[in-house]
Amino acid sequence: MENKKQNGSIIAIITMMFLYAMISFVTNLAAPIGVVWKNQPEIGGSNLLGMMGNFMNFFAYLFMGIPAGKLLTKIGYKKTALLGIGVGFFGVLIQYLSGFPEGLTGFYVYLLGAFISGFSVCLLNTVVNPMLNLLGGGGNRGNQLNLIGGTLNSLSGTLTPMLVGALIGTVTASTKMADINLVLYIAMAVFACAFIILSFIPIKDPEMGKTDSNTVFEHSPWSFRHFVMGVIAIFVYVGVEVGIPGTLNFYISDATNGVGSMFANAATIGGFVAGTYWLLMLAGRLCSSFIADKVSSKTMMLCTTGLGMILILIAMFTPSSVTASMPLFTGSSFAMTEVPLSAILLVLCGLCTSIMWASIFNLATEGLGKYTAQASGIFMMMVVGGGVLPLVQNFIADNAGYMISYIVPLLAMAYMFYYALIGCKNVNKDIPVD
């Protein structure tokens, strides 16, 4: 009986690991698929419209952030996870179907699919972390499972743009959604398998510490200045995390206004350059886990935002004619490939952004006590920044050029530096939090 229970837990853990990876997989489909859509004749090469799928994906967080937490309490972990998986399958299916209608109709169908996928990712984000902690029995084991899950999440984020780029090679006006159907088939298959497996696994919800729903707190997280400023920091952080590689993918893949004419398979190169950014995020998260108990969140934020601003500034003023080599898949094999030095500098920003979510969260929730749970729901809503800032950045890219558009993540980095230096100080310590 004990062995049966243990085997069930192992299967559940593996399923959650797949879901952790799928969160990043579905999210990171937006930028490379956007490369396909922006080159359609009806879109006219607009980076702004090409980034709309990414915007719709993150826009869903604004509506689902707080309801997802309430849903978790009402129907439990397993049912919330199953709902998220089902919604995710449906969202990817709609994206697949968008390849059939002609012209703008297909684009609108794709945006609907991206929006529904955003609901799924928000639900899964809400449930996967605490579920892995539960399956690991809490403590160090639960934290270890979440670290492994986070690593798989980053690995999936690395491989997604690479896989899509390798499938489509060079994007032209004749490139269609059907050219990346294999990726969507994989996504739907994993969602379907995860739903079936999880349906048969008994998972007991933890004691959630039920409270009287009529309880009214005297204050809220919004009563704390450092939390309010932290909310803004999370909003701009997610925009930076997504906007740097997403716009870089467009830049490398664009043979007209970008540097795509330098490469035979521009979309492949662009996908692997963007994927390298996510790979460095993985490396940064892994390395930072060894020093997080010795170096404060404030110190890490100051160092990484400072370095990030320097890298972006140098990249913005480095001509595209200045190149350097990096290992990339060129369409047939891996080889050292000449790319603009500015692209490499932006890729290195992945090391900087890797630690920012956890650090900002720690700084913003410090001293909140009983208001921490409510603060977590608000933070989930602010993930919408991953849709808004890249949209603004690509509007600038359309009208002023790709490198000029990096003024958006530069200003966001500057704000996060200010937050770590001054804004994170809790000046409302007189508010009772017990």
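Residues numbered from 1 in each chain as written. Predicted model: local features only at pLDDT ≥ 70, side-chain atom pairs only at ≥ 80, totals over all residues. Heavy atoms only, no water.

The next thing to look at is the overall build of the chain. Scanning the chain from N- to C-terminus turns up 17 helices and two strands. Looking at the chain residue by residue over its 434 residues, the buried ones come to 56%. Look at the contacts in the chain between residues 6 or more apart in sequence, and 82% of them connect residues 24 or more apart. (Helix = DSSP H or I, 4+ residues; strand = E, 2+ residues; numbered from the N terminus. Buried < 20%, exposed > 50% of the residue type's maximum accessible area, 1.4 Å probe, protein only. Contact = heavy atoms within 4.5 Å.)

Orientation of helix 9 (residues 225–253) relative to helix 16 (residues 385–400), taken along the N-to-C sense of each, is 45°, at an axis distance of 7 Å. Between helix 9 and helix 16, the angle is such that the two are oblique. Of the two possible hands of crossing, helix 9 and helix 16 adopt the one that is right-handed. Within the contact between the two elements, helix 9 uses F235, V236, V238, G239, V240, V242, G243, I244, T247 and F250 and helix 16 uses G385, G386, V388, L389, P390, Q393 and N394. When the residues that make up the contact of helix 9 with helix 16 are grouped by side-chain class, the tally is ten nonpolar, seven polar and no charged. (Axes fitted to C-alpha atoms, helices over the stretch in contact; angles between N-to-C directions. Parallel < 35°, antiparallel > 145°, perpendicular 65-115°, else oblique. Left-handed = near helix turned anticlockwise from the far one by under 90°. Nonpolar A, V, L, I, M, F, W, Y, C, P; charged D, E, K, R; others polar.)

Below, the discussion takes up a positive patch on the surface. A contiguous patch of positive charge on the surface is contributed by R225, K298, K425 and K429. Residue position: K425 is located in the segment after helix 17 (407–423). (Patch = residues over 30% accessible without salt bridge, like charges linked within 9 Å, V, L, I, M, F, W, Y side chains within 5 Å. Areas by Shrake-Rupley, 256 points an atom, 1.4 Å probe, with all protein chains shown as cover. Salt bridge = Lys/Arg side-chain N within 4 Å of Asp/Glu carboxyl O. Lys, Arg positive; Asp, Glu negative; His and termini not counted. Charge placed at Lys NZ, Arg CZ, Asp CG, Glu CD.)

All told, the structure shown has three cavities of 30 Å³ or more when counted by the stated rule. In this model, the largest cavity occupies a volume close to 110 Å³. For the largest cavity, the lining is made up of 13 residues, of which N28, A31, P32, G246 and W278 are closest to its centre. Residue assignment for the lining of the largest cavity shows that the elements contributing at least two residues are helix 2 (30–38), helix 9 and helix 10 (266–291). (1 Å grid on protein atoms, 1.4 Å probe; cavity = no way out; pocket = protein on both sides within 12 Å on 5 of 7 lines; lining within 4 Å. Points joined across faces, edges and corners; volume = space filled by probe spheres on them.)

Further remarks concern the pattern of salt bridges. One pass over the full model with this rule turns up one salt bridge. The partner of R285 in a salt bridge is E241, with the nearest N and O atoms 3.9 Å apart. Here R285, found in helix 10, pairs with E241, found in helix 9; they are 44 residues apart in sequence, far enough to count as distant. With relative accessibility at 29%, the residue R285 sits in the partly exposed group.

With that out of the way, let us pick up helix 2. Extensive coverage of helix 2 is indicated by the burial of nine of its nine residues. All buried positions along helix 2 are accounted for by A30, A31, P32, I33, G34, V35, V36, W37 and K38.

We now examine the confidence of the model for the chain. Taken over all residues, the pLDDT of the chain has a mean of 82, while the share at 70 or more is 87%. When mean pLDDT is compared element by element in the chain, helix 17 scores highest at 96, while helix 7 (residues 139–168) scores lowest at 70. This model gives residues 208–214 a pLDDT under 50, and the stretch forms four contacts once residues within four places in sequence are excluded. (pLDDT = per-residue confidence, 0-100.)

When two helices pack together, their arrangement is captured by the angle between the axes and the distance separating the axes. One way to put it is that helix 4 (residues 52–75) packs onto helix 5 (residues 77–97) with a least axis distance of 7 Å and a crossing angle of 130°. Taken together, the axis directions place helix 4 and helix 5 in an arrangement best described as oblique. Each of L71, L72 and I75 in helix 4 lies in contact with helix 5, whose residues at this interface are Y77, K79, T80 and L83. A per-class count over the contact of helix 4 with helix 5 returns five nonpolar, one polar and one charged.

Glancing now at a nonpolar patch on the surface. Nonpolar side chains collect at one region of the surface, where L163, L167, L182, Y185 and I186 lie side by side and expose about 400 Å² of accessible area between them. Put simply, the parts of the chain that give the nonpolar patch at least two residues each are helix 7 and helix 8 (181–199). Element by element, the count of residues in the nonpolar patch is highest for helix 8, at three residues. Relative to the helices and strands, L163 is located in helix 7.

It is worth spelling out the packing of aromatic side chains at this point. Two aromatic rings, taken as a pair, are described by how far apart their centres are and by the angle between their planes. Overall, the coordinates contain 17 aromatic pairs when judged by the stated rule. An angle of 20° between the planes, with centres 5.1 Å apart, marks the rings of F55 and F59 as stacked. Here F55 pairs with F59, and both are found in helix 4, just four residues apart, close to one helical turn. Clustering of aromatic rings is evident, with ring pairs tying together F55, F59, F63, F115 and F119. (Phe/Tyr/Trp six-rings, centres within 6.5 Å; stacked < 30°, edge-to-face > 60°.)

Here we come to the side chain of H226. Relative to the elements of secondary structure, H226 occurs in helix 9. Setting aside residues no more than four positions away along its own chain, H226 makes contact with L363, A364, E366, L368, Y419, G423, C424, K425 and N426.

Our next topic: the nonpolar core. Among the nonpolar cores identified, the biggest contains 130 residues, and V128, F227, L248, I312, M356, I360 and M416 are the most heavily contacted of them. With 15 residues, the single largest contributor to this core is helix 9. When near neighbours in sequence (up to four residues on either side) are disregarded, L248 contacts G243, V273, A343, L346, V347 and Y406. (Core = buried A, V, L, I, M, F, W, Y, C linked by side-chain atoms within 4.5 Å.)

Among the structural elements, S24 can be located in helix 1 (residues 2–27). Spatially, the C-alpha atom of S24 lies 10.0 Å from that of N125, the residues being 101 residues apart in sequence. If we ignore the near neighbours within four places in the chain, the residues touching S24 are N153, S156 and G157.

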